[in-house]
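Coordinate inspection notes
Okay, here's what each chain looks like letter by letter:
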Amino acid sequence: MEYFIFIIIAYLLGAIPSGLIVGKMGYGIDIREHGSGNLGGTNTFRVLGLKAGLIVTIADILKGTAATVIPVLFGADVIPLVIGVFAVIGHMYPVFAGFKGGKAVATSAGVVLGVNPLVFAILLGTFFLLLYLSKYVSLASMVTGIVTFIVTLLLGEYGLSIIIAVFTVFVIYRHRSNIKRIMNKTEPKITWM
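Residues numbered from 1 in each chain as written. Predicted model: local features only at pLDDT ≥ 70, side-chain atom pairs only at ≥ 80, totals over all residues. Heavy atoms only, no water.

1. Some words on the side chain of Thr107
Formally: Secondary structure elements follow DSSP: runs of H or I no shorter than four residues count as helices, runs of E no shorter than two count as strands, and numbering proceeds from the N terminus. For every residue, the accessible area (1.4 Å probe, protein chains only) is compared with the maximum for its type, and the residue is labelled buried under 20%, exposed over 50%, or partly exposed between those bounds. Residues adjacent in sequence count toward polar contacts only when both atoms are side-chain atoms; beyond that, a polar contact is any pair of N or O atoms within 3.5 Å, and within protein one must be able to donate a hydrogen and the other to accept it. Any two residues having at least one pair of non-hydrogen atoms within 4.5 Å are treated as being in contact.
Tracing the sequence through the fold places Thr107 in helix α6 (residues 105–115). According to the relative accessible area criterion, Thr107 is buried, its value standing at 0%. A polar side-chain atom of Thr107 sits 3.1 Å from the main-chain carbonyl oxygen of Asp60. If near-sequence neighbours (up to four positions away) are discounted, Thr107 is found in contact with Asp60, Lys63, Gly64, Ala87, Val88 and His91.

2. Overview of unusual backbone geometry
In this structure, Phe99 takes a positive phi of about 60 degrees despite not being glycine. Locating Phe99 in the fold gives a position in the loop between α5 (80–92) and α6. Looking at Phe99, the relative accessible area reads 47%, which means it is partly exposed.

3. Structural notes on the side chain of Ser138
Here Ser138 shows up in helix α8 (residues 137–154). On the basis of relative accessible area, Ser138 is assigned to the buried category, the value being 4%. Once you skip the residues sitting within four places of it in the chain, Ser138 turns out to touch His175, Asn178, Ile182 and Glu187.

4. Thoughts on the nonpolar core
For clarity, the threshold we go by: Nonpolar cores were defined as sets of buried Ala, Val, Leu, Ile, Met, Phe, Trp, Tyr and Cys residues, with membership established by side-chain atoms within 4.5 Å.
Counting 19 residues, the largest nonpolar core has Val88, Val112 and Phe167 as its most contacted members. Going through the elements one at a time, α5, α6, α7 (117–134) and α9 (158–174) are the ones with two or more residues in this core. Discounting chain neighbours no more than four positions away, the residues touching Phe167 are Val85, Val88, Ser108 and Val111. Of all hydrophobic cores here, the second largest spans eight residues; its members include Val22, Leu39, Leu48 and Val56.

5. Structural notes on the layout of surface pockets
The cut-off we apply is this: Here a cavity denotes grid points, spaced 1 Å and computed from the protein atoms alone, that fit a 1.4 Å probe unable to get out, and a pocket denotes an open set having protein on both sides within 12 Å along at least 5 of 7 lines; residues with an atom within 4 Å of a point are the lining. Grid points are joined across faces, edges and corners, and a volume is the space filled by probe spheres set on the points. Residues are grouped as follows: nonpolar covers Ala, Val, Leu, Ile, Met, Phe, Trp, Tyr, Cys and Pro; charged covers Asp, Glu, Lys and Arg; every other residue, Gly included, is treated as polar.
Reported here for the largest pocket is a volume of approximately 1100 Å³. Forming the boundary of the largest pocket are 47 residues, of which Thr42, Val105, Phe127, Val137 and Ser141 lie nearest the centre. Going through the elements one at a time, α3 (41–48), α4 (50–73), α6, α7, α8, α9 and α10 (176–183) are the ones with two or more residues in the lining of the largest pocket. Considering only residue class, the lining of the largest pocket consists of 22 nonpolar, 19 polar and six charged. Its volume calculated, the second largest pocket comes out at about 240 Å³.

6. Description of the pattern of salt bridges
Selection rule: The salt bridge definition used is simple: a Lys or Arg side-chain nitrogen within 4 Å of an Asp or Glu carboxyl oxygen.
All chains considered together, the criterion is met by three salt bridges. Among the salt bridges present, the one from Lys63 reaches Asp60, with a minimum N-O distance of 3.3 Å. Here Asp60 and Lys63 lie together in helix α4, a separation of three residues that amounts to about one turn. Residue Lys63 is classed as buried on the basis of its relative accessible area, which comes to 6%. Note that Glu187 is salt-bridged to Arg181, the shortest N-O span being 2.8 Å. Here Arg181 falls in the partly exposed class, since its relative accessible area comes to 28%.

Here's what the structure looks like:
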């Protein structure tokens with residue numbers, strides 16, 4: 001029963017469409033009708049700018065963190081990492097936004113932050129290094145997942161390794177169109193780094 005309760009809570013947290021809320025409340029636009037049409041932080045950065053992009057990205061990270069921390073605060077006999085997976089699923093397929101959500105990157109990172117801040121710090125550093133080198137947010141996101149998986153194996157965090165592997169599959173699957181654009185050299189590059 002505890003698993004069921006916290007899975008529902010995690011899914012509903014993950015399903016909060018940060019990009020949609022910020023776009024409509026702060027700018028009077030539906031982010032899904034602009035740019036890539038994605039609800040995540042990257043599209044928000046492109047369409048609404050730095051401030052909105054940061055708000056959405058941080059909110060999406062915190063959804064994953066909250067989903068893993070809340071069961072611990074309540075002393076629930078559950079595995080927080082498992083609960084966190086459902087926040088990521090909620091982010092990708094949000095009931096509050098027609099089941100069309102983000103690409104799982106920020107919320108996955110938030111789950112990692114909730115259970116292992118050191119791995120999160122490594123993940124963040126890896127992402128920004130890869131972003132600086134490639135200028136592709138999508139490529140940096142996918143490769144960061146793979147690198148983080150290897151890091152968790154080296155650290156002996158095998159449970160986290162399994163979840164990172166799941167998250168990485170989610171991220172790569174959700175970036176299918178980006179992979180095609182990278183191969184066709186039509187994927188947008190960032191210009192601010």
